[in-house]
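Remarks on the overall topology
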Amino acid sequence: MRYDYIVVGAGSAGATIATRLSEDPDKSVLLLEAGPDYPDFDHLPDDLKLGNNVFFSAYGPHSWAYSARVTAQQTDLVIPRGKATGGSSAINGQVLYRGIPEDYDRWSEWGNDEWGYTNVLPFFRRMENDHDFQDDWHGTEGPIPVRRYRPDEWLPHSAAFKDACVSLGFNDDADQNHPESTGVSPRARNTLDGVRISTALAYLNLARHRLNFTLRANVHACRVVFDGNRAVGVEVESGGDRFVAEGNQIIVSSGAIASPQLLLLSGVGPADHLREVGIPVVHELPGVGQNLRDHPSACVLFRAAGDRPDPQAAAIQVGLRYTIEDSYLRNDMQITPLLMTSEHRPAQVVIDDDENYIGISAGLQLALGKGELRLKSSDPSEYPYLDYNYYQEPFDLERMRKAIRTCIEIGEHPSYREILLDRVNPVDADLVSDAALDDWLMRNTGTSHHVSGTCKMGPSSDEMAVVDQHGRVHGLDNIRVADASIMPDCIRANTNATTIMIGEKIADYIRTGR
Ligand SMILES: Cc1cc2nc3c(=O)[nH]c(=O)nc-3n(C[C@H](O)[C@H](O)[C@H](O)COP(=O)(O)OP(=O)(O)OC[C@H]3O[C@@H](n4cnc5c(N)ncnc54)[C@H](O)[C@@H]3O)c2cc1C
């Protein structure tokens with residue numbers, strides 16, 4: 001059992017990396033996945049297959065269902081993460097949305113000079129096949145299909161949202177993946193005929209027949225095995241037994257929660273914390289599990305006219321990206337209309353009657369606050385402690401306040417007259433002052449599902465950097481991390497496209513020996 005490469009986690013990044021590395025028939029690749037695999041499309045369970053009802057997938061049987069503290073005023077929230085081949089791309093909302101050029105240029109300024117926008121663009125193009133745009137910005141030959149709903153396919157509430165935004169002065173934008181994108185536009189999506197095209201479908205199906213590629217599902221990685229500072233294998237639990245798989249290079253792609261967890265379980269992380277939970281220190285790296293980033297989100301809830309929509313109605317069709325008034329961070333807000341009884345209801349919004357509801361949600365991009373992940377014990381099966389720590393920074397609350405007032409303005413626009421009946425939450429009393437609205441936000445904020453940054457990429461001079469810009473773990477040999485955890489900061493967009501791009505780019509480094 002010795003492989004050239006062992007990839008731990010078959011999610012957005014891991015499935016991409018394993019598929020690309022196994023293109024070389026002379027290299028053996030082992031891909032380990034804790035969740036199940038469904039190689040036959042006809043037997044793919046509905047929660048993974050049917051992409052329009054994200055609530056059904058996110059809180060269904062293929063989620064790890066972690067738990068996190070979000071603010072002091074709220075009870076802990078369930079944090080969905082995909083547990084199946086495809087990882088979170090197998091349960092997500094399928095918005096295939098890139099960050100803006102400044103996101104990647106900032107990564108470059110922070111000492112990752114191979115990650116500026118012009119460096120990452122070829123890898124965004126490599127991953128996708130855009131059905132709507134064929135030009136220098138978009139790819140046409142990659143595995144992930146991208147398309148946008150045409151206006152004649154929009155549901156009435158999507159059309160009302162677009163009209164309200166344009167009439168309030170926001171830019172009418174054709175393509176959110178254009179580098180100059182801002183304003184209201186159709187969502188770029190990796191959904192085809194209602195099917196969620198995860199990385200299991202788009203990437204792994206390209207590799208399954210290769211004799212040099214081995215995929216083992218239902219196998220839980222417990223720790224990376226080291227010989228001194230050199231990673232030599234992965235200890236796993238499979239069917240109740242323990243095994244060690246040996247590899248020349250270990251690539252940890254278990255996602256922004258499980259990758260730092262696995263490093264910590266392996267003795268790589270803040271030394272004091274490792275000693276606290278009884279794990280021998282292999283290598284001290286204070287940044288492991290720190291710098292937890294996300295997009296805090298809150299939702300204005302309206303009671304809507306008519307019957308509840310079909311639970312599989314085409315969803316997430318339009319969105320707004322803009323710069324909050326007086327903010328120095330461009331495009332730091334996303335506002336999205338949501339069918340709250342079917343498509344993508346946030347966990348903190350409770351609906352316990354049979355009425356129809358529509359939400360207008362605000363997701364803060366480039367929140368300045370950071371959270372953290374820590375182990376509760378040395379037991380690999382115990383979930384880590386997660387603190388998302390929203391609104392630690394007053395500027396984050398201030399921007400969300402403004403955005404919630406904009407959501408209300410959009411929902412009260414005449415274009416929604418036939419669609420929305422009345423506003424349910426926040427009520428008028430929550431809006432009388434900034435303090436009242438802050439209090440409402442502290443009680444009504446959830447995740448956009450974009451956890452990232454917990455093994456951040458940066459030069460060795462940055463003591464909080466966990467990996468260098470080629471994904472190599474600082475101070476150790478033969479081990480890389482490659483997934484959403486290595487983003488130095490969360491980009492101003494949903495994270496799937498950027499994570500797959502990271503997979504493509506790190507696979508390229510590995511293949512070319514860098
Ligand atoms: C409900 C939801 C909705 C979302 N909607 C969108 C959206 O619309 N657009 C968008 O761009 N982004 C969205 N995201 C975010 C996006 O899907 C993620 O950022 C991205 O998939 C993360 O990829 P990753 O490779 O870092 O981790 P993942 O895709 O989560 O992959 C990690 C993999 O590692 C496996 N694993 C974990 N621990 C172990 C272990 N110990 N041993 C073996 N295997 C292990 C997991 O089971 C999983 O398969 C959403 C996420 C969720 C959860």
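Refer to the structure presented above.
Residues numbered from 1 in each chain as written. Predicted model: local features only at pLDDT ≥ 70, side-chain atom pairs only at ≥ 80, totals over all residues. Heavy atoms only, no water.

Regarding the site of the ligand
If you check the shell around the ligand, you find 36 residues, and the closest are S12, E33, S88, T495 and N496. G82 places a main-chain nitrogen or oxygen 3.3 Å from an oxygen atom of the ligand. Between an oxygen atom of the ligand and a side-chain N or O atom of T495, the distance comes to 2.7 Å. Sorting the residues of the shell around the ligand by element identifies helix 1 (12-21), strand 11 (219-227), helix 8 (255-265) and helix 12 (496-511) as the ones contributing at least two each. With three residues, the single largest contributor to the shell around the ligand is strand 11. (Near = heavy atom within 4 Å. Polar contact = N/O pair within 3.5 Å; in protein donor to acceptor, adjacent residues only side chain to side chain. Helix = DSSP H or I, 4+ residues; strand = E, 2+ residues; numbered from the N terminus.)

Details of the side chain of H273
Locating H273 in the fold gives a position in helix 9 (residues 271-276). The class of H273 is buried, set by a relative accessible area of 4%. In contact with H273, other than residues within four places in its own chain, are L264, R374 and L375. (Buried < 20%, exposed > 50% of the residue type's maximum accessible area, 1.4 Å probe, protein only. Contact = heavy atoms within 4.5 Å.)

Quick word on the pattern of salt bridges
One pass over the structure, following the stated rule, counts 41 salt bridges. Between D130 and R148 there is a salt bridge, and its shortest N-O distance comes to 2.9 Å. Here D130, found in strand 5 (residues 128-130), pairs with R148, found in the loop between strand 6 (144-146) and helix 6 (156-167); they are 18 residues apart in sequence, far enough to count as distant. The pair D130 / R148 is uniform in exposure class, with both members buried. Residue R374 is joined to E276 by a salt bridge in which the shortest nitrogen-to-oxygen separation is 3.3 Å. Remark: E276 occurs in helix 9 and R374 occurs in strand 20 (residues 372-374); sequence separation between them is 98 residues. Given the relative accessible area of 26%, R374 is considered partly exposed. The exposure class assigned to E276 is exposed, which follows from its relative accessible area of 56%. A network of salt bridges, in which partner residues are shared, links R20, E23, R126, E504, D508 and R511. (Salt bridge = Lys/Arg side-chain N within 4 Å of Asp/Glu carboxyl O.)

A short note on the sheet that holds strand 4 (residues 77-79)
Spatially, four strands are ordered 4-3-21-20 in an open sheet, and the strand pairing comes out mixed. Across the chains shown, the open sheet's two edge strands, defined by having one partner strand only, are strand 4 and strand 20. Pairs of neighbouring strands in the sheet enclose a mean axial angle of 35°, with direction left out of account. Bridge count for strand 3 (residues 66-69) against strand 21 (residues 385-387) is two bridges, and the pairing is parallel. Along strand 21, the bridge assignment pairs A68 with L386. (Pairing = 2+ DSSP bridges. Axes fitted to C-alpha atoms, helices over the stretch in contact; angles between N-to-C directions.)

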